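The chain contents come next:
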Amino acid sequence: MSVVIAKNLTKKYNDFVAVDHINFQIEKGEIFGLLGPNGAGKTTTIKMLTGLTSITEGDALIGGISIKERPNEVKKRIGWISSEVIVDDDLTAWENIEIQAKLLKVKDWKERADAILEYFGIKEFKNRKAGKFSTGMRKKLEITMALLNSPEIVFMDEPTIGLDVNTRASLWNLIRQINKDYSATILLTTHYMEEADMLCKKIGIINKGKIVALGSPEELKEKYGGDVIEIELKDGLNVELNKFGQVIRKDGKISVKTGNAEEVLLGVINTIGSNNIKSLRIKKSSLDTVFLNLTGGSLEEEGEFDLRKFNMMMRRARR
Amino acid sequence: MLEGLSALYMREIKRIYRSIYMWIMLVSQPVMWIIFFGSSFSHVPSEFLQEFFHTNNYIAFILPGELSVSMLFVGMFSSMSIIQDKRFGYMKRIFITPVPKYYVFLSKVLGGVTRGLIQVPIMLAVAIALGVSLNLNLVSIVVLVLALAFLGIGFSSLYSVFTLWTSDWQAPGVIANLINLPLMFSSTALFPKAFFPEWLQDISNVNPITYSAELGREVLLSTDPNWSYLGILALFALIMVIIGALLSRKYMTAE
Ligand SMILES: Nc1ncnc2c1ncn2[C@@H]1O[C@H](COP(=O)(O)OP(=O)(O)O)[C@@H](O)[C@H]1O
Ligand SMILES: [Mg+2]
């Protein structure tokens, strides 16, 4: 049975459609990724699935229960990890866990909490104030809290946003581990295509509130992939390249979508004339080129991560 | 069933008693009031004090008044605590659990009231140290604490209601500006009713602070207490907390 079934899930803020009739299913034990640039509607989708915001149209079944009709039943069965790491810094790790357990009405939470803390290697710090934890430890604490009620599904909103490369890599491992060792079904959102590629069994690509493609990373690459040759010409030049593949012009760059870049590369360079090229880059088939092929946009560019804004948010969250 | 409420309430309490700044505030604020404001009538002839204040020590007069006024100020902390939880995202963490929203509201109200009541023993001790003779016994203490608790529940609810749907840091200050001064000066917390023009007397008659201040005076300075005041204060608390609980179920936002 599917753990999550979203049916025409829609959210409007006044007239603005943030999430537009999306449909997807998540099977038990799966890591499902919602991949899309900033503003695509990922957070809004999670908010609807967790009952944090009202649903304008459609519904979702979580463990077979309608979030619209019985939100409190659903809330008992889910785990949630925010992108900004929300724990109470003035309380100890253990007190944070205790509140969560009591709000969720989890019985025997102490044993379970101890076991998970032990598993994460932070049990000895459980009586330390959460405000004194490192970012990695705070994430682990938050994941502990999310696993307390043996949830049917754990929602992770941009779990690795703002983390340095090392912490990100270890968090990837952690997510894989809890998926295996705690048989946790996970929905994560991300705008890092390599993250979705590496972690997720199934991916929904979301853009402007719509799911534009759904499938395993391999399926998506096979279906929508293909290499892209990105060329910047010297000023004022224009060249017809349509015979090599589909051409997209944007921000002064020309992208040529083609099955295999190496096969046509020489032809492209000869057509343009090598001294007319300012820069040339080959993007091998990846989820990024899948996204480009599907939407004409780039995950990287449109998903440009605003570090300054994020740091401000983190500072606010941590005081 | 109340486990969720008590977990949220204990969180409020821990955050209060672990903060050294909170203690500095809790102790210094009422002490300053009593010492500075309370001393401002020291050279007033004692016949005058007797006639208008029914005591020869202004500090004795102001003590129950200032305790009542401080229950007005704790309302501000309840609402600030709500804003803080929204700003730091903690409210989302709460709302993602099945705990009813009015529990959150109640925990903020009760947290604020508890904070205000911590001031009671501090203030009484300061007053006694300054030579005020108080009629302290089980009944007078229970009545005083009940009256202040009712008043605090009423005002904390009022404040919290105004911050149910906002996360603006400015909101509690604005509410304080709008209601604290008028309520404080239109009550008999600081001055007797005989000082007031008629229109102010009318307001003071419907101001809950008046009832708490008067009842506090009656029990502490050993005149015959007017028990109906306790009923009026209980009614005020009940009405405000019910309104707040109902509104929070519908309108409380997570951010
Ligand atoms: N409370 C809100 N009111 C109005 N618009 C909103 C609100 N929250 C989000 N949006 C808009 O909805 C769109 C999707 O936002 P969001 O789900 O946060 O995107 P993502 O998480 O994919 O970056 C954005 O354009 C955003 O500006
Ligand atoms: Mg988001």
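The model shown is predicted, which means the values in this text are computed figures rather than measured ones.

### Examining the nonpolar core
Here's step 1: In this structure, Phe24, Leu49, Ile153, Phe155 and Leu187 of chain A together with Leu63 and Ile94 of chain B are the most contacted members of the largest nonpolar core, which totals 103 residues.
Here's step 2: Once residues lying within four places of it in the same chain are set aside, the contact partners of Leu63 of chain B are Ile34, Met123, Leu124, Ala127, Leu134 and Leu220 of chain B.
Here's step 3: Counting 47 residues, the second-largest nonpolar core is a separate cluster that includes Ile122, Met145, Val154 and Ile178 of chain A.

### A short note on the pattern of salt bridges
Here's step 1: Scanning the entire structure with this criterion turns up 28 salt bridges over all chains.
Here's step 2: With a shortest N-O distance of 3.5 Å, Lys14 of chain B and Glu95 of chain A are connected by a salt bridge. Placement of the pair is Lys14 of chain B in helix H1 (residues 3-17) and Glu95 of chain A in helix H3 (residues 93-103), with the two residues belonging to separate chains.
Here's step 3: Taking the relative accessible area as the measure of exposure, Glu95 of chain A reaches 11% and is therefore buried.
Here's step 4: For Glu142 of chain A, the salt bridge identified is with Arg93 of chain B, shortest N-O distance 3.0 Å. With Glu142 of chain A in helix H5 (residues 135-147) and Arg93 of chain B in helix H5 (residues 90-95), this pair bridges two chains.

### Considerations on the packing of helix H4 (residues 109-120) of chain A against H5 of chain A
Residue and element names in this part refer to chain A.
Here's step 1: Close contact between H4 and H5 brings their axes to 10 Å; oriented N to C, the two are set at 145°. Note that H4 runs across H5; the crossing there is right-handed. Here Arg112, Ala113, Ile116, Leu117 and Phe120 of H4 come into contact with H5, specifically with Lys140, Ile143, Thr144 and Leu147.
Here's step 2: A breakdown of the residues in the contact of H4 with H5 according to their chemical character gives 6 nonpolar, 1 polar and 2 charged.

### Some words on the site of ligand 1
Residues and elements named next belong to chain A.
Here's step 1: Neighbouring residues of ligand 1: Tyr13, Phe16, Ala18, Pro37, Asn38, Gly39, Ala40, Gly41, Lys42, Thr43 and Thr44.
Here's step 2: Side-chain polar atom of Thr43 to an oxygen atom of ligand 1: 2.7 Å apart, as the coordinates give it.
Here's step 3: Measuring from an oxygen atom of ligand 1, one finds a side-chain N or O atom of Thr44 at 2.5 Å.
Here's step 4: Coverage of ligand 1 by the protein amounts to 60% of the 560 Å² it exposes when considered alone.
Here's step 5: Class assignment of the residues belonging to the shell around ligand 1 gives a composition of 5 nonpolar, 5 polar and 1 charged.

### Notes on the pairing of strand S13 (residues 253-258) of chain A
Successive side chains on a regular strand alternate, one facing one side of the sheet and the next facing the other.
Residue and element names in this part refer to chain A.
Here's step 1: Taken across its 6 residues, S13 has 5 buried, putting it largely inside the fold.
Here's step 2: In this sheet, S13 lies alongside strand S11 (residues 227-233) in antiparallel orientation, the contact comprising 6 bridges. Considered in S13, the bridge of Val228 is made with Lys257.
Here's step 3: Alignment of strand S12 (residues 246-250) against S13, held across 5 bridges, turns out to be antiparallel.

### Brief notes about the sheet that holds strand S4 (residues 57-62) of chain A
Residues and elements named next belong to chain A.
Here's step 1: Strand order in the open sheet formed by 4 strands is S2-S1-S4-S5, and the pairing between neighbours is antiparallel. With one partner strand each, in any of the chains shown, strand S2 (16-27) and strand S5 (65-66) form the two edges of the open sheet.
Here's step 2: Helix H1 (residues 42-49) rests against strand S1 (2-13), S2 and S4 of the sheet, and its axis sits at about 115° to S1.

### Focus on the packing of aromatic side chains
Residue and element names in this part refer to chain B.
Here's step 1: The tally for this structure, following the rule as stated, stands at 24 aromatic pairs over all chains.
Here's step 2: Between the aromatic rings of Tyr58 and Phe61, the centroid separation amounts to 6.0 Å while the plane-to-plane angle is 20°, which identifies the pairing as stacked. Of this pair, Tyr58 and Phe61 both sit in helix H4 (residues 58-87), 3 residues apart, which is roughly one turn of that helix. Just as Tyr58 is buried, Phe61 falls in that class too.
Here's step 3: With 5.2 Å between their ring centres and 85° between their planes, Tyr102 and Tyr103 make a pair best called edge-to-face.
Here's step 4: Overall, the relative accessible area of 4% leaves Tyr103 in the buried class.

### A look at the packing of H4 of chain B against helix H6 (residues 101-117) of chain B
Residues and elements named next belong to chain B.
Here's step 1: With their axes 8 Å apart at the nearest point, H4 and H6 run at an angle of 140° to one another. Between H4 and H6, the crossing angle belongs to the class labelled oblique. Judged by the sense of rotation from one axis to the other, the crossing of H4 with H6 is right-handed. Side by side, H4 and H6 meet where Met71, Val74, Phe77, Ser78, Ser81, Ile82 and Asp85 of the first sit next to Lys108, Val109, Gly112, Val113, Arg115, Gly116 and Leu117 of the second.
Here's step 2: When its residues are assigned to classes, the contact of H4 with H6 shows 7 nonpolar, 4 polar and 3 charged.

Cut-off values and rules
Residues numbered from 1 in each chain as written. Chains lettered and ligands numbered in written order. Predicted model: local features only at pLDDT ≥ 70, side-chain atom pairs only at ≥ 80, totals over all residues. Heavy atoms only, no water. Core = buried A, V, L, I, M, F, W, Y, C linked by side-chain atoms within 4.5 Å. Buried < 20%, exposed > 50% of the residue type's maximum accessible area, 1.4 Å probe, protein only. Contact = heavy atoms within 4.5 Å. Salt bridge = Lys/Arg side-chain N within 4 Å of Asp/Glu carboxyl O. Helix = DSSP H or I, 4+ residues; strand = E, 2+ residues; numbered from the N terminus. Axes fitted to C-alpha atoms, helices over the stretch in contact; angles between N-to-C directions. Left-handed = near helix turned anticlockwise from the far one by under 90°. Nonpolar A, V, L, I, M, F, W, Y, C, P; charged D, E, K, R; others polar. Near = heavy atom within 4 Å. Polar contact = N/O pair within 3.5 Å; in protein donor to acceptor, adjacent residues only side chain to side chain. Areas by Shrake-Rupley, 256 points an atom, 1.4 Å probe, with all protein chains shown as cover. Pairing = 2+ DSSP bridges. Phe/Tyr/Trp six-rings, centres within 6.5 Å; stacked < 30°, edge-to-face > 60°. Parallel < 35°, antiparallel > 145°, perpendicular 65-115°, else oblique.

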